[in-house]
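Overview (structure and organization)
Each chain, letter by letter, is given below.
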Amino acid sequence: MRIVVDASVSLKWVFDDEEHVEEAVALRDSAVFERSFEMFAPSLWVYEVANGLLVAVRRGRILMDVSEEALRHLLALGVRVADPEPADVYRCAFRYRISAYDAAYLALAEELDAVLFTGDGRFYTAVRELVPRVRWIGEFGKGKP
C-alpha cells in the first residue's frame, strides 16, 4: 500500500507542539517500523520541509543545528520522492482551485492511486468533499488509512 504525505504532516514529526502530532507520528511509525505502507511525496516536499525548518529557526522555535539534524533525519525516513507530470499538476490545480504546490501532492496521489494525508487546513477544506483520497492527519488510525 502507498500513501502520499505532505510537508505539513512531516513537520509534525519534528515539532511536538502542533496539533495532531500523535497521529502524524503513528503514521510515520506505521510506515517506518511496521512497514504497513510506503510513503511518497513529490520532490517539492524536500524544499517545503527545509523551508518549514528554516522558518522555525528564524522565529526562534528551534536552533539551527537542531534543524539541520532534523532535516537529515526527515530525509532518511524513507519517504520516496516521485514527481507527477507537470501537466497533471496544472490541471489538478485548475480543477480544484488550489495552488500548484498542493496540486503536486494530489496529482501524485492520483497517479499512485494512493491516499494523501495532510495537516494543511486550507488545502483539506478546499478539496475534502471533492476528493475522498485526501485525508486529514487527525483522522489517521481511525479506520483505514
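1. Here we look at the overall build of the protein
On a plain count of helices and strands, the protein comes out with seven helices and five strands. Element order for the protein, N to C, with α for helix and β for strand: β-α-α-β-α-α-β-α-α-β-α-β. For 145 residues, the compact-globule formula gives about 15 Å, and the C-alpha radius of gyration of the protein, at 15 Å, lands near that figure. Considered along the principal axes of its C-alpha atoms, the protein spans approximately 40 × 30 × 25 Å. Within the protein, the proportion of its 145 residues that are buried is 45%. For the protein, contacts bridging at least 24 residues in sequence account for 63% of all contacts bridging at least 6. Accessible area for the protein stands at about 8,200 Å²; split by element, carbon and sulfur atoms hold 50% of it. Side chains of the protein carry 18 positive and 24 negative charges; the gap between the two charge centres is 3 Å.

2. Brief notes about the pairing of strand β1 (residues 2-5)
The side chains of a regular strand alternate, residue by residue, between the two faces of the sheet. As defined by bridge partners, β1 adjoins strand β2 (residues 38-41) across three bridges and the pair is classed as parallel. Across the sheet, residue R2 finds its bridge partner in β2, namely E38. Judged from the three bridges that link them, β1 and strand β4 (residues 115-118) form a sheet pairing that is parallel. Note that in β4 the partner of I3 across the bridge is V115.

3. A few points about the packing of helix α3 (residues 44-58) against helix α6 (residues 100-112)
Packing of α3 against α6 brings their axes to within 11 Å, and their N-to-C directions diverge by 130 degrees. Taken together, the axes of α3 and α6 are oblique relative to one another. When you trace α3 past α6, the crossing you get is left-handed. Across from L44, W45 and E48 in α3, the residues of α6 making contact are Y101, A104 and Y105. Its residues assigned to classes, the contact of α3 with α6 shows five nonpolar, no polar and one charged.

4. Concerning the sheet that holds β1
Across the sheet, five strands lie side by side as β3-β2-β1-β4-β5; this open sheet has parallel pairing. Every interior strand has two partners, whereas the edge strands, β3 (80-81) and β5 (134-136), have only one. Across the sheet, helix α2 (residues 21-32) lies against β1, β2 and β4, angled at about 115 degrees from β2, the strand it touches most. Sitting on the sheet, α6 is in contact with β1, β2, β4 and β5, with an inclination near 175 degrees to β1.

Cut-offs applied
Residues numbered from 1 in each chain as written. Predicted model: local features only at pLDDT ≥ 70, side-chain atom pairs only at ≥ 80, totals over all residues. Heavy atoms only, no water. Helix = DSSP H or I, 4+ residues; strand = E, 2+ residues; numbered from the N terminus. Rg over C-alpha atoms; globule rule 2.2 N^0.38 Å. Buried < 20%, exposed > 50% of the residue type's maximum accessible area, 1.4 Å probe, protein only. Contact = heavy atoms within 4.5 Å. Areas by Shrake-Rupley, 256 points an atom, 1.4 Å probe, with all protein chains shown as cover. Lys, Arg positive; Asp, Glu negative; His and termini not counted. Charge placed at Lys NZ, Arg CZ, Asp CG, Glu CD. Pairing = 2+ DSSP bridges. Axes fitted to C-alpha atoms, helices over the stretch in contact; angles between N-to-C directions. Parallel < 35°, antiparallel > 145°, perpendicular 65-115°, else oblique. Left-handed = near helix turned anticlockwise from the far one by under 90°. Nonpolar A, V, L, I, M, F, W, Y, C, P; charged D, E, K, R; others polar.

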